[in-house]
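Architecture at a glance
Here is what each chain is made of, one letter per residue.
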Amino acid sequence: MTAAPAVAVDAGSRYLRVARADGDGPPRLVDLPGTVPGEGLPTPDRVRGDRAAALAAACDAYRAHCGPPGRLVVVHPHGEHPRPATDMGNPPPQLIGVPHSVLALLRHAGTPPLSPVLVCDLGAAGVGLARCVLTGGTWAVSGAARYAPVPGGYGAAFDRAVLDGAGLPADDPEVLRLLALARAGSTRRTEVALDRMVARPDRAGRLADTVVHEVAGREVTAGVVHRAFAALTEGLDRALAGAGPDRTPVVAVGGAARSATLVRHLADRLGLPVPLPDGTDPALTAVFGAALVAAGRVDAADRYPHAVAVRVHRTVGGLPRDEELVVSPPGTLAPGGATVFAETGGERVWLGAAPAEGGTGREVQLLVRGAGARSGVPATTVTVSAAAGDRFHVGVRVTTDGTAHLVLHPLAPDAPVPDRHGAEPGAQEIPLGALPADPAP
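Quick look at the structure, then. Sequence order as written defines the numbering, with residues in each chain counted from 1. With the structure being a predicted model, the display of local features is reserved for residues of pLDDT at least 70 and the display and counting of side-chain atom pairs for 80 or more, all residues being used for whole-chain, interface and lining totals. Values shown for side chains rest on all heavy atoms present in the structure; no hydrogens or waters enter the calculation.

**Concerning helix α1 (residues 51–66)**
What counts, and what does not: Starting at the N terminus, helices and strands are each numbered in turn, a helix being any DSSP run of H or I of at least four residues and a strand any DSSP run of E of at least two. The span you would expect from a helix comes to 1.5 Å times its residue count less one. Each residue is assigned to one of three classes by its accessible area relative to the maximum for its type, calculated with a 1.4 Å probe on protein chains only: buried under 20%, partly exposed between the two thresholds, exposed over 50%.
Helix length check: α1, at 16 residues, gives a terminal C-alpha distance of 22 Å against a target of 22 Å (1.5 Å per residue), a fit within 8%. Along α1, the residues classified as buried are Ala 52, Ala 54, Leu 55, Ala 56, Ala 57, Ala 58, Cys 59 and Tyr 62. In the segment just after α1, Gly 67 is the residue with positive phi, at about 85 degrees.

Next up, the structure:
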């Protein structure tokens, strides 16, 4: 009996992309009824803007045509906390962020890993930038900078600018459909006209009247498209400003990364992007990487590579002493994975936190220890609600949006006993923000 195939899904605001990586062959889109070649299934209007509903629609379409998958990996934008779909069925999905899925594709292709590297996700919904640092074969991802205008998102802002410039209604679904069809058939012509406008500013006025395509009986000129690009470049600049001034190697993916004009704008600020393997379509890079992970042909490498500890105060020989209690050893925390509790000899460690100044709470300092470091680097200090004599099992977990949480499970007669895989009801959770990708020694 043939095993059900492993499948990856990227539920975007414009297209639902379902991909497989069978055998030793390259990843490919699954040809479902209604699929646009090279794009995927158009996202139904009823689920557009609701990623969980779009994901459910993609999975339903796949099951109806191909049956249930053997394994399901779902792509989500970094820095976004996905809302679970109400009915995903079986198997339960593994979530993987865009940076990890993109880097998985590059690693599988044998591209030498650059570290640090920025993954720039230029999608229809928004621009996402994530700083990725490779440590011990695992990627630490942090520093998410995102620009997602509303209503409609990043790509919709560009569409509105094009249609406004051409004197067409920007909120008519049929006009938007015709724009997408016209653009698909004139990409090369548009890019050539824009290239000439940039290369010959003295002739930009004449070139601006070049007709690049026609929508609903109206001509769309290169000048209209060039002016509309401000909606894309300004959004990209906002995200870049949030990522810091350093010139770091960048990988550009997402549908808008197909635009040579936008990629040139990115290159002017950060340098030429890292080439994608074998000319991979940037819009499909994330789902292809996730398909390789789903098929077991490459590891997601998404576990946090550094040790996470808390500072504890002990009395040894009658003298107070500060120590570091490792909660999570290197390579154990995974986004969306189980809570990792501090253990010694296979048993949970309990501790009480030092009182915070001027209050009844307790202060907990979180440390991150890089490979080879003798001591941890302070990441954050939080005050937790606790009374004198309270004791806790202490753990850490990371949600799919990259946010770390300190988990304190009380040791009390009426408290549920936590299992080895996570905190039970009754635990106190404190968001800590993103863990540092490269803690200073």
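**A look at the side chain of Arg 17**
Definition in use: Whenever a nitrogen or oxygen atom comes within 3.5 Å of another N or O atom, the pair is scored as a polar contact, on the condition that within protein one atom can donate a hydrogen and the other can accept it, and that pairs from neighbouring residues in sequence are kept only if both atoms are in side chains. Two residues form a contact once any of their heavy atoms are found within 4.5 Å.
In this fold, Arg 17 is placed in strand β2 (residues 15–20). For Arg 17, the side chain forms a polar contact with the main-chain oxygen of Glu 39, separated by 2.7 Å. Setting aside anything within four residues of it in sequence, one finds Arg 17 in contact with Ala 8, Val 9, Asp 10, Leu 29, Glu 39, Gly 40, Arg 258, Ala 283, Leu 284 and Val 287.

**Examining the environment of Ala 156**
Within the secondary structure, Ala 156 sits in helix α3 (residues 154–165). You can call Ala 156 buried: its relative accessible area is 19%.

**Let's talk about α3**
Between the first and last C-alpha of α3 there are 17 Å, a value that for twelve residues agrees with the 16 Å anticipated at 1.5 Å per step. Residues of α3 that are buried: Tyr 154, Gly 155, Ala 156, Ala 157, Phe 158, Asp 159, Val 162 and Leu 163. The positive-phi residue at the C-terminal boundary of α3 is Gly 167, with phi of around 75 degrees.

**Points about the pattern of salt bridges**
For clarity, the cut-off: In the sections that follow, a salt bridge refers to a side-chain nitrogen of Lys or Arg positioned within 4 Å of a carboxyl oxygen of Asp or Glu.
One pass over the full model with this rule turns up twelve salt bridges. Across the salt bridge formed by Asp 60 and Arg 63, the nearest N and O atoms sit 3.9 Å from each other. Of this pair, Asp 60 and Arg 63 both sit in helix α1, three residues apart, which is roughly one turn of the helix. Classification of Asp 60 by relative accessible area gives partly exposed; the value is 45%. You can call Arg 63 partly exposed: its relative accessible area is 23%.

**Some points on the nonpolar core**
Looking at soluble globular proteins, one finds that nonpolar side chains tend to be buried together. For clarity, the threshold we go by: We call a set of buried residues a nonpolar core when its members are Ala, Val, Leu, Ile, Met, Phe, Trp, Tyr or Cys and they connect through side-chain atoms within 4.5 Å of each other.
Core analysis: the biggest nonpolar cluster contains 42 residues, and Leu 122, Tyr 154 and Leu 236 have the highest contact counts within it. If you look at the next biggest cluster of nonpolar residues, it comprises 36 residues, including Ala 21, Trp 139, Ala 300 and Ala 301.

**Considering the packing of α3 against helix α4 (residues 173–184)**
The description of two helices packed together rests on the angle between their axes and the distance between the axes. Our working rule: Axis angles are defined between N-to-C directions and span 0 to 180 degrees, where every axis is a line fitted to C-alpha atoms and, for a helix, only to the segment in contact. Should an angle lie under 35 degrees it is considered roughly parallel, over 145 roughly antiparallel, and from 65 to 115 roughly perpendicular; all remaining angles are considered oblique.
Contact pair α3 / α4: the axes reach a minimum separation of 11 Å and the direction vectors enclose 95 degrees. Accordingly, the angle class assigned to the pair α3 and α4 is roughly perpendicular. On α4, the residues touching Phe 158, Asp 159, Val 162 and Leu 163 of α3 are Val 175, Leu 176, Leu 179 and Arg 183.

**Points about the side chain of Thr 261**
Assignment of secondary structure puts Thr 261 in helix α9 (residues 260–270). The contacts of Thr 261, once residues within four sequence positions are left out, are Glu 191, Leu 194 and Phe 229.

**Let's talk about the pairing of strand β1 (residues 6–11)**
Test applied: Two strands pair under a simple rule: DSSP has to find at least two bridges between them.
With six of six residues buried, β1 lies mostly within the body of the structure. The alternating pattern of β1 places Ala 6, Ala 8 and Asp 10 and Val 7, Val 9 and Ala 11 on opposite faces, both of which are buried. Bridge analysis of β1 against strand β5 (residues 71–76) gives four bridges, and the strand direction is parallel. Along β5, the bridge assignment pairs Val 7 with Leu 72. One ladder, built from four bridges, connects β1 with β2; its direction is antiparallel. What sits directly across from Ala 8, in β2, is Ala 19. Connecting β1 to the antiparallel partner β2 that follows it, the hairpin turn spans three residues.

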